[in-house]
Amino acid sequence: IAWLALAIVSWWHPAAGLAIVAAAIPLEQRHSIPVIGADLTAMEFTVWAVNLGAVPRLVQERRLVLDRVATVHGAVVVTLVASIAAGGVILPRWWIEVQGWLLALLIYVIARVALADWRARGLILTVLSVGVVANAGAAVWQRGTGAGPESFVVDGAVRVFGTFQHPNTLGAYLAFV
């Protein structure tokens, strides 16, 4: 039901779908959903739902724009599928790789349209800011209390990880956002 709700929200308001994706980033691998042949992370689940809601809406409204970046990215996806198929790799293994490239392409196309509106930008920046503040707060708490697995202790100091599963992922998230 959550998947359907995300798709419906994204159909009505693609920018809200992008905001939900932004909110899901810090929870990326905390939850997984079993599917045929593999598990989807909470992030993959969210991105698929948003794409399945927003892309058909943008196609229906003829607002889906395939600029040079999207066209090249699409060519990469097609080339990837063709090369994997030629190599005889079985479905679950290659699908994981193709899915990542395909989801990135679709989110780019949605963002290209949805972020043209200043209110949409404000919504997404607000959600990203809350994620940064929450993760920074969790990191400060983890550092102060020493919370975390023993494998994250280096020279007596805890490498903080926020809501992520690894300190490097937290660092990348904070650096990019």
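Our structure's up above, just so we're on the same page.
First things first, this report covers the structure right here in the doc. This structure is a prediction, so every number in the text was calculated from the model and none was measured. (Residues numbered from 1 in each chain as written. Predicted model: local features only at pLDDT ≥ 70, side-chain atom pairs only at ≥ 80, totals over all residues. Heavy atoms only, no water.)

**Brief notes about the pattern of salt bridges**
By the definition in use, this model includes four salt bridges. The partner of R112 in a salt bridge is D67, and the shortest N-O contact between them spans 2.5 Å. Linking R112 in helix α5 (residues 91-114) with D67 in the loop between α3 (42-60) and α4 (68-87), this pair joins segments that are 45 residues apart in sequence. Taking the relative accessible area as the measure of exposure, R112 reaches 43% and is therefore partly exposed. In this structure, D117 engages R119 in a salt bridge whose closest nitrogen and oxygen atoms are separated by 4.0 Å. Under the relative-accessibility criterion, D117 is labelled partly exposed at 33%. Judged by relative accessible area, R119 falls into the exposed class, the value being 71%. Ionic contacts of the salt-bridge type, sharing partners, join the residues R57, E61 and R63 into one network. (Salt bridge = Lys/Arg side-chain N within 4 Å of Asp/Glu carboxyl O. Helix = DSSP H or I, 4+ residues; strand = E, 2+ residues; numbered from the N terminus. Buried < 20%, exposed > 50% of the residue type's maximum accessible area, 1.4 Å probe, protein only.)

**A closer look at the environment of V133**
Locating V133 in the fold gives a position in helix α6 (residues 118-145). A relative accessible area of 59% places V133 in the exposed class. Taking the C-alpha atoms as reference points, V133 and L174, 41 residues apart in sequence, are found 9.6 Å from one another.

**Structural notes on α4**
Between its first and last C-alpha atoms α4 spans 28 Å; for 20 residues at 1.5 Å apiece the expected length is 28 Å, and the two agree. Three or more residues of α4 are buried, namely A70, H73, G74, V77, L80 and I84. Looking down the long axis of α4, one finds its buried residues gathered within 115° of arc, a one-sided arrangement. More than 90 degrees from the buried face of α4, the exposed residues found are R68, V72, V78, T79 and A86. Near the N-terminus of α4, the side chain that reaches the backbone nitrogen of V69, with its oxygen 3.3 Å away, is that of D67. (Expected span 1.5 Å × (residues − 1). Arc of directions from axis to C-beta. Polar contact = N/O pair within 3.5 Å; in protein donor to acceptor, adjacent residues only side chain to side chain.)

**Some details on the packing of α6 against helix α7 (residues 167-176)**
Two quantities define a packed helix pair, namely the angle between the axes and the distance from one axis to the other. Interaxial distance between α6 and α7 falls to 11 Å at its minimum, and their mutual angle equals 140°. As the angle between them shows, α6 and α7 are arranged oblique. Crossing handedness for the pair α6 and α7: left-handed. On the side of α6, the interface is formed by L128, G131, V132, N135 and A139, while α7 contributes L170, Y173 and L174. (Axes fitted to C-alpha atoms, helices over the stretch in contact; angles between N-to-C directions. Parallel < 35°, antiparallel > 145°, perpendicular 65-115°, else oblique. Left-handed = near helix turned anticlockwise from the far one by under 90°. Contact = heavy atoms within 4.5 Å.)

**A closer look at α3**
The end-to-end C-alpha distance of α3 is 28 Å, a good match for the 27 Å that 19 residues give at a rise of 1.5 Å each. For α3, the tally of buried residues reaches 14 of 19 residues, placing the bulk of the element in the interior. Of the residues trailing α3, R62 is marked for its positive phi of about 55°.

**Focus on the packing of helix α1 (residues 2-12) against helix α2 (residues 14-24)**
Two elements in contact, α1 and α2, have axes whose closest approach is 5 Å; the angle formed by their N-to-C orientations is 135°. Classified by the angle their axes make, α1 and α2 are oblique. From α1, L6, V9, S10, W11 and W12 reach across to α2, where they touch P14, A16, G17 and I20. Taken together, the residues that form the contact of α1 with α2 break down as seven nonpolar, two polar and no charged. (Nonpolar A, V, L, I, M, F, W, Y, C, P; charged D, E, K, R; others polar.)

**Here we look at the nonpolar core**
Of all hydrophobic cores here, the largest spans 25 residues; its most connected members are L18, V21, V47, I107, I110 and I124. Mapped by element, the contributors of at least two residues to this core are α2, α3, α5 and α6. Apart from residues no more than four positions distant in its own chain, V21 is found in contact with M43, T46, V47, V50 and I107. Membership of the second largest hydrophobic core comes to five residues, among which are A139, F164, L170 and Y173. (Core = buried A, V, L, I, M, F, W, Y, C linked by side-chain atoms within 4.5 Å.)

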